[in-house]
Amino acid sequence: MNPDALRGHMDALLLSVLEREPLHGYAIIEALQERSGGALNVPTGTVYPALRRLERTGHLASEWATVGGRRRRTYRLTDSGRKQLEGERSAWQAFTSAIGSVLGPGEVRPSGSA
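These numbers were taken from a predicted model, which means no experiment stands behind them.

Participant: Give me the lowdown on the packing of helix α1 (residues 10-20) against helix α4 (residues 79-103), citing residues and values where you can.
Facilitator: Between α1 and α4, whose axes approach to 9 Å, the crossing angle comes to 125°. In terms of axis orientation, α1 runs oblique to α4. Crossing geometry of α1 relative to α4 is assigned as left-handed. When α1 is examined against α4, the residues Asp-11, Ala-12, Leu-15, Ser-16 and Glu-19 are found in contact with a partner set consisting of Gly-81, Arg-82, Gln-84, Leu-85, Glu-88 and Arg-89. Taken together, the residues of the contact of α1 with α4 sort by class into three nonpolar, three polar and five charged.

Participant: An account of the nonpolar core is needed here, citing residue identities and associated values.
Facilitator: Judged by nonpolar contacts, the single largest core of 22 residues is most densely connected at Leu-14, Ile-28, Leu-51 and Leu-60. Those elements that provide at least two residues to this core are α1, α2 (25-35), α3 (44-56) and β3 (70-77).

Participant: Can you break down the environment of Gln-33 residue by residue, with the values?
Facilitator: Looking at the element boundaries, Gln-33 is found in helix α2. The class for Gln-33 is partly exposed, based on a relative accessible area of 29%. Among all residues touching Gln-33, those that are not within four sequence positions of it are Gly-38, Leu-40 and Asn-41.

Participant: Got a sec to walk through α3? Specific residues and values, please.
Facilitator: Here α3 spans 18 Å end to end across 13 residues, near enough to the 18 Å set by a 1.5 Å rise per residue. Those residues of α3 hidden inside the fold are in contact with α1, α2, β2 (60-67) and β3. Positive phi appears at Gly-58, one or two residues downstream of α3, with a value of about 90°.

Participant: With reference to specific residues and values, describe the pairing of β2.
Facilitator: Looking at chain direction, β2 and β3 are connected through eight bridges and run antiparallel. If you follow Thr-66 over to β3, its bridge partner there is Arg-71. Where β2 folds back onto β3 in an antiparallel hairpin, the turn is made up of two residues, including Gly-68, whose phi is positive at roughly 60°.

Participant: Quick one: what's the story with the sheet that holds β2, residue by residue and with numbers?
Facilitator: Spatially, the three strands line up as an open sheet ordered β1-β3-β2, and their pairing is antiparallel. The open sheet terminates on both sides in strands that have one partner only, identified here as β1 (23-24) and β2. Sheet strands in contact with α3 are β2 and β3, and its direction is about 125° off that of β2.

Participant: Residues and numbers for the packing of aromatic side chains, please.
Facilitator: Counting across every chain of the model gives one aromatic pair. Consider the rings of Trp-92 and Phe-95, whose centres lie 5.7 Å apart with planes at 35°: the pair is tilted. Of the two residues, Trp-92 and Phe-95 are both situated in helix α4; the distance of three residues between them amounts to about one turn of the helix. For Phe-95, a relative accessible area of 42% translates into the label partly exposed.

Definitions and limits used
Residues numbered from 1 in each chain as written. Predicted model: local features only at pLDDT ≥ 70, side-chain atom pairs only at ≥ 80, totals over all residues. Heavy atoms only, no water. Axes fitted to C-alpha atoms, helices over the stretch in contact; angles between N-to-C directions. Helix = DSSP H or I, 4+ residues; strand = E, 2+ residues; numbered from the N terminus. Parallel < 35°, antiparallel > 145°, perpendicular 65-115°, else oblique. Left-handed = near helix turned anticlockwise from the far one by under 90°. Contact = heavy atoms within 4.5 Å. Nonpolar A, V, L, I, M, F, W, Y, C, P; charged D, E, K, R; others polar. Core = buried A, V, L, I, M, F, W, Y, C linked by side-chain atoms within 4.5 Å. Buried < 20%, exposed > 50% of the residue type's maximum accessible area, 1.4 Å probe, protein only. Expected span 1.5 Å × (residues − 1). Pairing = 2+ DSSP bridges. Phe/Tyr/Trp six-rings, centres within 6.5 Å; stacked < 30°, edge-to-face > 60°.

In structure tokens:
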């Protein structure tokens, strides 16, 4: 999938993945791939800055944990993040509806008619 297509939607994708359970960064990337059927292969250089930004805005909280002998930062959705996700979902539905109205098959007019 074209990485430019994700622009403006990364926050919603990350919030959605973290809605189910807290995850560390690499597990978030794996969840995006899995839930998209392999279509989303998002680089760490995109995910980690977005996670930090969402944490600064209060939509995520994080804590350090040791998993399998390795220290990892685990992210979880906050109440603010849940509200933001609801808004992102509503905006996405409105967006896809509007774009679908334009891209969907339209009324075919005979040539020469206005």
